[in-house]
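# Inside the fold
Here are the chains, one letter per residue:
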Amino acid sequence: MRTIPHWINGQDVTPTSGNFGPVFNPALGEQQAQVGLASVSEMNSAIAIAKAAFPAWRAASLSKKAEIMFRFRELVVAHRDEIAGLVSIEHGKVPSDAAGELARGIENIEFACGIPSHMKGGFSEQVSGGVDVYSIKQPLGVVAGITPFNFPAMVPLWMLTNGIAAGNTFILKPSEKDPSVTVLLARLLTEAGLPDGVLNVVHGDKLAVDTLLEHPDIAAVSFVGSTPIAKYIYSTGTANGKRVQALGGAKNHMVVLPDADINMAADASVSAGFGSAGERCMAISVIVAVGDVADPLIEAISARIPALKVGPGTDPGNEMGPLITQEHRNKVASYLAGAAAEGATVVIDGREGILPEKGYFLNPSVIDHVRPGMKVYDEEIFGPVLSVIRVDTYEEAVELINDHQYGNGTAIFTRDGGAARQFQFDIQVGMVGINVPIPVPVAYYSFGGWKSSLFGDANMYGPAGIEFYTHTKTITSRWPDPATSSVDLGFPQTR
Ligand code: NAD
């Protein structure tokens with residue numbers, strides 16, 4: 001069995017803990033590799049290496065840091081197919097989805113290429129006679145990133161680009177379900193000129209995470225994953241005095257007003273509901289159909305589903321791959337099994353129809369007449385299941401969304417600019433799309449949900465990422481006026 005190595009101090013490192021996790025090929029339903037799960041001492045030694053690398057990396061010039069990011073961007077673009085292929089074979093998403101996540105990740109490298117501008121401080125001259133005040137940004141030290149399985153390339157790039165460019169050294173603990181891509185990204189960063197020890201990829205499970213959360217040399221923790229773990233990371237990390245940003249799960253609603261373009265809304269529902277098999281934290285999970293829009297919309301969605309090709313990413317014609325594990329596939333299927341007993345109507349059941357013989361596949365599903373209080377509505381399903389809730393008015397739609405525990409993303413489909421503007425004012429959700437189903441902000445804004453979708457107050461990447469990974473130091477200085485100074489400056493004073 002192939003063993004996926006850690007990447008520590010600029011090289012592959014063979015795991016020594018003796019504990020391994022399986023890495024499956026979800027499209028074939030079989031184990032393809034194993035990943036070492038770090039012991040406390042393996043993690044401690046990686047942290048010591050990152051700590052030792054910090055002083056020199058911190059002191060490297062901004063132009064050197066930018067130059068490495070520019071080179072890294074070129075290398076990632078050159079290896080685009082290899083990276084997307086690796087994502088596809090371990091995660092299961094089809095290569096076009098994998099290429100899409102990589103494109104969003106590359107945006108974050110491009111943002112980090114501008115690090116000389118992002119690190120600018122402020123300056124106020126002459127706040128008092130001979131007194132100036134200015135602020136500078138400085139890195140925190142050794143910082144850690146803990147990432148989920150569903151975006152094995154993009155989410156690590158959300159974190160490590162700005163974290164490293166700002167002058168920190170980094171420990172990345174990727175998901176143990178699809179860990180290979182981060183090792184490849186680290187190898188490319190080394191090839192781009194990153195000094196050894198600045199980025200270290202250490203694989204592991206709860207033990208590795210807890211070691212990071214408790215270690216005195218870890219200054220900050222970035223986390224993306226499910227809500228219960230995000231809450232745990234936030235409370236444990238902050239209790240240990242660390243800066244923590246912890247992004248959690250989601251249940252994203254798409255409101256369709258009666259004046260919406262039905263074809264546009266149906267296309268958006270299908271791509272945002274079933275892309276990456278619904279395993280996206282910004283996937284649309286609930287359609288909120290206002291007025292009499294539900295019947296024509298469900299009809300239009302149902303008409304599109306048979307054309308959606310489900311199967312392994314190795315076949316370029318396929319548009320939707322498998323779920324990540326057998327266990328997760330069965331959990332998603334259990335929501336379909338329970339929906340009717342809760343009073344909902346399963347319009348299209350993804351357990352039916354033709355599916356590949358092997359692998360963790362489910363077909364797309366649509367459930368109508370869903371209501372709050374049903375498990376299928378209250379919980380994050382994280383699979384290719386679209387629920388439809390019927391409401392009479394815009395106000396009911398807003399109340400419904402604002403009452404939900406999650407507040408990651410939402411969208412409204414309408415031709416009425418006034419209604420759209422009112423929605424962006426009313427809605428208690430972090431990222432809002434207007435006729436855009438998955439409003440993931442570009443890399444020069446920042447990403448973050450509200451309520452149980454984010455713990456802490458720090459959004460991910462963009463300007464918020466730079467803030468998160470830097471301390472502000474403010475300096476007040478006084479220099480005597482040379483004209484009145486009693487100190488002999490050695491040259492004639494003109495004033
Ligand atoms: P997860 O919470 O199971 O795992 C995330 C990370 O936490 C992994 O690295 C894992 O090894 C680690 N982990 C798991 N259990 C742990 C424990 N008990 N103690 C310490 N660490 C632990 O999440 P996942 O299943 O990999 O990813 C899917 C989830 O992530 C979904 O809920 C999805 O909505 C969410 N997600 C959110 C965003 C966002 O931006 N808000 C983005 C992507 C994914």
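As a reminder, the structure under discussion sits directly above these lines.
### So, the layout of surface pockets
A volume near 1,100 Å³ is recorded for the largest pocket. In this structure, the largest pocket is lined by 43 residues; those nearest its centre are F149, K177, G225, S226 and I229. Taken together, the elements giving at least two residues each to the lining of the largest pocket come down to α8 (206-214), β11 (218-224), α9 (227-239) and α12 (326-339). A total of five residues in the lining of the largest pocket trace back to one element, the largest contributor, which is α9. By residue class, the composition of the lining of the largest pocket is 20 nonpolar, 13 polar and 10 charged.

### Considering the packing of aromatic side chains
Tallying each qualifying case throughout the model produces nine aromatic pairs. Ring plane angle 80 degrees and centroid distance 5.2 Å describe the contact between F468 and Y469, whose orientation is recorded as edge-to-face.

### Looking at the sheet that holds strand β13 (residues 252-256)
Reading across the sheet, the seven strands line up as β15-β16-β17-β14-β13-β19-β20 and stay open at both edges, with mixed pairing between neighbours. Each of the sheet's edge strands pairs with one partner strand only, and the pair in question is β15 (345-348) and β20 (431-434). Strand-to-strand, the axes of this sheet are offset by a mean angle of 20 degrees, without reference to chain direction. In this sheet, strand β14 (residues 284-290) lies alongside β13 in parallel orientation, the contact comprising five bridges. Following the sheet pairing, V256 is matched in β14 by A289. Against the sheet, helix α11 (residues 294-304) contacts β13, β14, β15, β16 (365-368) and β17 (385-391), and its axis sits at roughly 165 degrees relative to β17.

About the thresholds
- Residues numbered from 1 in each chain as written.
- Predicted model: local features only at pLDDT ≥ 70, side-chain atom pairs only at ≥ 80, totals over all residues.
- Heavy atoms only, no water.
- 1 Å grid on protein atoms, 1.4 Å probe; cavity = no way out; pocket = protein on both sides within 12 Å on 5 of 7 lines; lining within 4 Å.
- Points joined across faces, edges and corners; volume = space filled by probe spheres on them.
- Helix = DSSP H or I, 4+ residues; strand = E, 2+ residues; numbered from the N terminus.
- Nonpolar A, V, L, I, M, F, W, Y, C, P; charged D, E, K, R; others polar.
- Phe/Tyr/Trp six-rings, centres within 6.5 Å; stacked < 30°, edge-to-face > 60°.
- Pairing = 2+ DSSP bridges.
- Axes fitted to C-alpha atoms, helices over the stretch in contact; angles between N-to-C directions.
- Contact = heavy atoms within 4.5 Å.

In short, shape yes, function no, at least from these values alone.
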